[in-house]
Amino acid sequence: MADVAPPVLVTEFDGGVRLTLNRPGRRNAVDEAMLDLLDQAFRAAATDPAVRVVTITGAGAAFCAGADLHHAMQAGPEGIAAFVDRAGRVYNAIRNFPKPVVAALNGLTIAGGLELALACDIIVAVDGAMIGDGHANFGMFPGAGGAALLPTRIGYHAAMHLLCTGALMPAARMMELGLIQQIAPAADFPGLLARIEHDVASKSATALAAIKRLARHASCAGDEAMLDAEYEAFAAHLDSDDFAEGLQAFAEKRAPRFNAAANRRVAR
């Protein structure tokens, strides 16, 4: 029997490591095995003096289409809560990783994929990549940074548009809003990524660590409290009828039918 490809490919280069999300048939949706491998890779890179930068990108046509909830759904709301808690802890470890992390959005980036990008320090994208939150489309609630961090990265009104409509924005628009630093056509994207990796990896590891520590303190001082508040709101939302209807609609691949009056709990 042929070996099954791992859900994260690890490629070393001079001065860093590139992590490629490798579930192209599922548009690189995040599952438990992918979270485990990301966690392992970042733990190893944190103590490796040869690593000055880590890059995350995707295989195929998508960066990451969010969370793969099919397994967690079998355990009901408790299973989903456990999965989102695990994802949040891994994403938080990426945010607090002591070295620069580059998100290279090679295609569709939505929901948990956007939250993964938000955990990184530098974001570049292929021209034409579509980016959004998408949780609202199925009565879901961001639980790993979407609602807590997006307003501070692109502004309140642009974030609310994405969060409340489930719309996708092209990479060029997200660059105008400040989330993305550079874009390139598909043919030039590998070269762009290699140049950024080289530019960062060629710098002093000591200086990079100090820059990231101070820059994060200056711009993200309130992130942890907001992330905690987001997870509390997510946990409360699990008890709503709209959440149950959204999951059912997602599983059945149909549009959800929300009934606000039937909700047992309303987030406050």
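Residues numbered from 1 in each chain as written. Predicted model: local features only at pLDDT ≥ 70, side-chain atom pairs only at ≥ 80, totals over all residues. Heavy atoms only, no water.

Draft legend 1. View of the overall build of the protein. If you tally the helices and strands in the protein, you get eleven helices and ten strands. The proportion of buried residues among the 268 residues of the protein is 49%. Partitioning the contacts of the protein with sequence separation of at least 6, the portion at a separation of at least 24 is 70%. (Helix = DSSP H or I, 4+ residues; strand = E, 2+ residues; numbered from the N terminus. Buried < 20%, exposed > 50% of the residue type's maximum accessible area, 1.4 Å probe, protein only. Contact = heavy atoms within 4.5 Å.)

Draft legend 2. Highlighting the packing of helix α5 (residues 146–154) against helix α6 (residues 156–165). The N-to-C vectors of α5 and α6 enclose an angle of 140 degrees; their axes lie 7 Å apart at closest approach. Judged by the angle between their axes, α5 and α6 are oblique. Crossing handedness for the pair α5 and α6: right-handed. Where α5 abuts α6, its residues G146, A147, L150, P151 and I154 lie against Y156, A158, A159, L162 and L163. Class assignment for the residues of the contact of α5 with α6 results in nine nonpolar, one polar and no charged. (Axes fitted to C-alpha atoms, helices over the stretch in contact; angles between N-to-C directions. Parallel < 35°, antiparallel > 145°, perpendicular 65-115°, else oblique. Left-handed = near helix turned anticlockwise from the far one by under 90°. Nonpolar A, V, L, I, M, F, W, Y, C, P; charged D, E, K, R; others polar.)

Draft legend 3. Structural detail: the layout of surface pockets. Looking at the second largest pocket, its volume works out to about 480 Å³. Forming the walls of the second largest pocket are 20 residues, and the residues nearest its centre are C120, D121, I122, R216 and S219. At the level of elements, β7 (122–126), α5 and α9 (205–219) are the ones that each hand at least two residues to the lining of the second largest pocket. Looking at the lining of the second largest pocket, the element that brings in the most residues is α9, giving six residues. Its residues assigned to classes, the lining of the second largest pocket comprises eleven nonpolar, four polar and five charged. (1 Å grid on protein atoms, 1.4 Å probe; cavity = no way out; pocket = protein on both sides within 12 Å on 5 of 7 lines; lining within 4 Å. Points joined across faces, edges and corners; volume = space filled by probe spheres on them.)

Draft legend 4. Quick look at the nonpolar core. Among the nonpolar cores identified, the biggest contains 68 residues, and I56, I94, L105, I154 and M174 are the most heavily contacted of them. At seven residues, helix α3 (residues 76–95) tops the list of elements feeding residues into this core. Apart from the residues lying within four places of it in its own chain, the contact partners of M174 are I131, I154, L162, M169, L179 and I180. A62, A65, I110 and A111 belong to the second-largest nonpolar core, a separate cluster that totals five residues. (Core = buried A, V, L, I, M, F, W, Y, C linked by side-chain atoms within 4.5 Å.)

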